[in-house]
Amino acid sequence: MAAPCYLGWDFSTQQLKVIAIDERLRVIYEDNVHFDKDLPEFKTQGGVYIHSDRLTVTSPVLMWVKALDMILEKMKSSGFNFSQVRALSGAGQQHGSVYWKKGSIQILKNASSELPLHQSLKGCFSVSNSPIWMDSSTASQCRELEKAVGGAQHLASVTGSRAYERFTGNQIAKIYSQNPEVYKQTERISLVSSFAASLFLGTYAPIDYSDGSGMNLLQIWEKAWSKSCLDACAPGLEEKLGCPVPSHSVLGPISPYYSQRYGFSPDCKIVAFTGDNPASLAGMRLQEGDIAISLGTSDTLFLWIQEPTPALEGHILCNPVDSQTYMALLCFKNGSLMRERIRDDCASGSWDEFSKALSSTVAGNNGNLGFYFDVMEITPEAVGIHRFNRDNQKVPSFPKEVEIRALIEGQFMAKRIHAEKLGYKVLPRTRILATGGASHNKKILQVLSDVFNAPVFTIDTANSACLGSAYRAIHGLVAERNVSLADVVKLAPEPRLAVTPTPGAEELYRPLLKRYAELEQKVIYSSASSCPAK
C-alpha cells in the first residue's frame, strides 16, 4: 500500500501550482503550469487581459480548466501515484468570480473521462472572461452599495471591509446592470476558489466563510449572506451563490471522472477551497496573536485577531483555520521601492551603509518622525514626504542617518497603529513572522521587533498558499473532532528566530506611537487639502 499523501492547489493570477506532501509534511512533489508560457493560445499577459479602458481586468475561465488538465497529465506522465491521495484542498486568487450557465451542473456531473475537462465544459460559462482582483472598473457600483447599506463604515462593520472595486459583490452588480440577460442565464456564481473545488467535486462547491469575506456580501459575524448587500447588488443573488460553509468543511469525495481518468481513489476527500491570502495564513502557520509581515513591493500584514473592529482601512476576514476567530489584512503601498529610494538618496545605494546608519542612531530617533509616501498610500490615504521634529514642527529635511531611521520607524509604527485600529493586540506570546526582501536585513528587523515589542522570526513563503492548502486538506479530515491546524502541522519546520526586542523598547515607543497616530491625522488632512478632488 503506497504511503498516503495530500495535495494543495493554488489557482493564482499567473499560474496554477500543485504541491503534494506526505504524512510527515515533507514536500514529495511540486509542479506548475504558467498561463502565458504554457497556454499561449489564450494570449494573456501575466495571466490576464487588461481591457482598453485600463480599468477592466479579466482572465479566461477555460484557461484555468485547461491548466488543470495539463498539470494532471504532467503528473500522470511523471508516474505520480494518484491512488495515494487521501484528501486535497486549494486556494484561488481572491475576489474573482465565475458564472456558470443554466444546465452546467449536469455537464459537470457527467463529464466523460475520455475527454479533457476543458472540452466538456467549453459551453458552460455565461461570462467567458472572469473579472479578477486587478479590476477597478466598478467605482459607481461601490458608491451605490455603500449608499444602500448606510455608508462605508456600516458596510465594513457588517462585511469586514468598505466597498472595494475588486470585491465580488460590486463585480456582480456591474454584470447585472450591463448584461441582465447574461445574469439571468447564470445558475451559479462561484469564487475562483469554489469554482476550482467544483472541478474536483463534479458538482457546485459552496463558497467558504474565509474567501466569502472578500465579497462585500457576507456578514462576517453571523457567517450568512447580508440581505441588504445582496439586494443592492442584484436580484435573486442568494440562490445563485448557494450557502456558505466553514473553511475546514469536507465537501465530499472526488468526482468519479478523476478516478476513471487518473486513478484517484474514490475515497479521496475534497476539503473546501479558500482564497490565496487565507491559505497563506495556514501555510505560514499563524497562531493567535501572531502577525505575518511580507516586506515586498507593497508591505502586507496578516493578523490573527480574536475580536476585530472593522475600519475603513484594511480587511477583516473569517479565519480559515479557526471559525471562531478572524484574520485581518492590511496593505501598505509604499514598501520596498520607498526603502530603496531612501537607500539610494541617503546611503549611496548600499544596504550595508543603510544598516550602519540605522545602528548609529538611537531608537526613537530623538523624537524625529517621518511619513514617506512616494505614491498615494492606501493605509492611510495620503501622499508626499512629511517630516516632524521632536516638537511636532514640520521640517524640510533630516540628516541622512536620521532620515533612514525615520523611514523605518515610521513604516513599522504605522503598521502597529493600523493593526491595533482593527482590534489587534500584541500578546506576551506574539510572534512576528517576517518574509520578503527586507526580512534578510537584521537591522531593519530589530526596529520591527522594538516597535511591536515582540520577537521576529523569518520564514520562507515561496509556496505558502499551496502549502497552506495541503495542510488544510489534512486538517479538514480531523477538524470536526476539534483538532486544531497547529496540532496537525507540528512536524513542519519551525520559523527561525532573527531578533528579540531591546529591553525598554515598549516604554520608549508607546508615547511615540501616540504622537505618530496624531501626526498621521495631520498628514491625511494636508494630503487631502493639497490633492485635487478625486
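Residues numbered from 1 in each chain as written. Predicted model: local features only at pLDDT ≥ 70, side-chain atom pairs only at ≥ 80, totals over all residues. Heavy atoms only, no water.

1. Notes on the nonpolar core
Side chains of a nonpolar character, in soluble globular proteins, are inclined to be buried together. Selection rule: Nine residue types can take part in a nonpolar core, namely buried Ala, Val, Leu, Ile, Met, Phe, Trp, Tyr and Cys, and a core is a set of them joined through side-chain atoms within 4.5 Å. Accessible area is worked out with a 1.4 Å probe on protein chains only. A residue is then buried under 20% of its type maximum, exposed over 50%, and partly exposed in between. The helix count covers DSSP runs of H or I at least four residues long, the strand count covers runs of E at least two residues long, and both are numbered beginning at the N terminus. Contacts: residue pairs with any heavy atoms within 4.5 Å of one another.
Of all hydrophobic cores here, the largest spans 85 residues; its most connected members are Ile172, Leu217, Leu237, Leu241, Leu303, Phe354 and Phe412. Here this core gets ten residues from one element, more than from any other, and that element is helix H17 (residues 400–421). Those residues in contact with Leu217, other than ones at most four positions away along the chain, are Thr159, Gly169, Ile172, Ala224, Trp225, Ser226, Cys229, Leu230, Cys233, Leu237 and Leu241.

2. A closer look at the sheet that holds strand E4 (residues 49–50)
As a reminder, the rule being used: Note on pairing: DSSP must find at least two bridges between two strands before they are called paired. Lines fitted to C-alpha atoms define the axes, with helix axes restricted to the stretch in contact, and inter-axis angles between N-to-C directions lie between 0 and 180 degrees.
Ordered in space as E4-E5-E8, the three strands form an open sheet in which the pairing is antiparallel. Where the open sheet ends on each side, the last strands, each with one partner, are E4 and strand E8 (129–131). The sheet contact formed by strand E5 (residues 57–60) and E8 spans three bridges and is antiparallel. Considered in E8, the bridge of Ser59 is made with Ser130. Against the sheet, helix H2 (residues 61–77) touches E5 and E8, its axis set at about 40° to E5.

3. Thoughts on the UniProt feature "domain: Carbohydrate kinase FGGY C-terminal" (unreviewed entry) in the protein
Stated formally: UniProt positions are given in the numbering used here, feature names are shortened, and annotations may be inferred rather than shown by experiment.
Using the residue numbers shown here, the UniProt feature "domain: Carbohydrate kinase FGGY C-terminal" (unreviewed entry) corresponds to residues 292–475. The span residues 292–475 is 36% helical and 22% strand by assignment, and the distance between its end C-alpha atoms comes to 21 Å.

4. Some thoughts on helix H7 (residues 168–178)
Since the α-helix advances by 3.6 residues per turn, residues separated by three or four positions end up pointing in the same direction. Burial runs high along H7: eight of the eleven residues are buried. Within H7, burial applies to Thr168, Gly169, Asn170, Gln171, Ile172, Ala173, Lys174 and Ile175.

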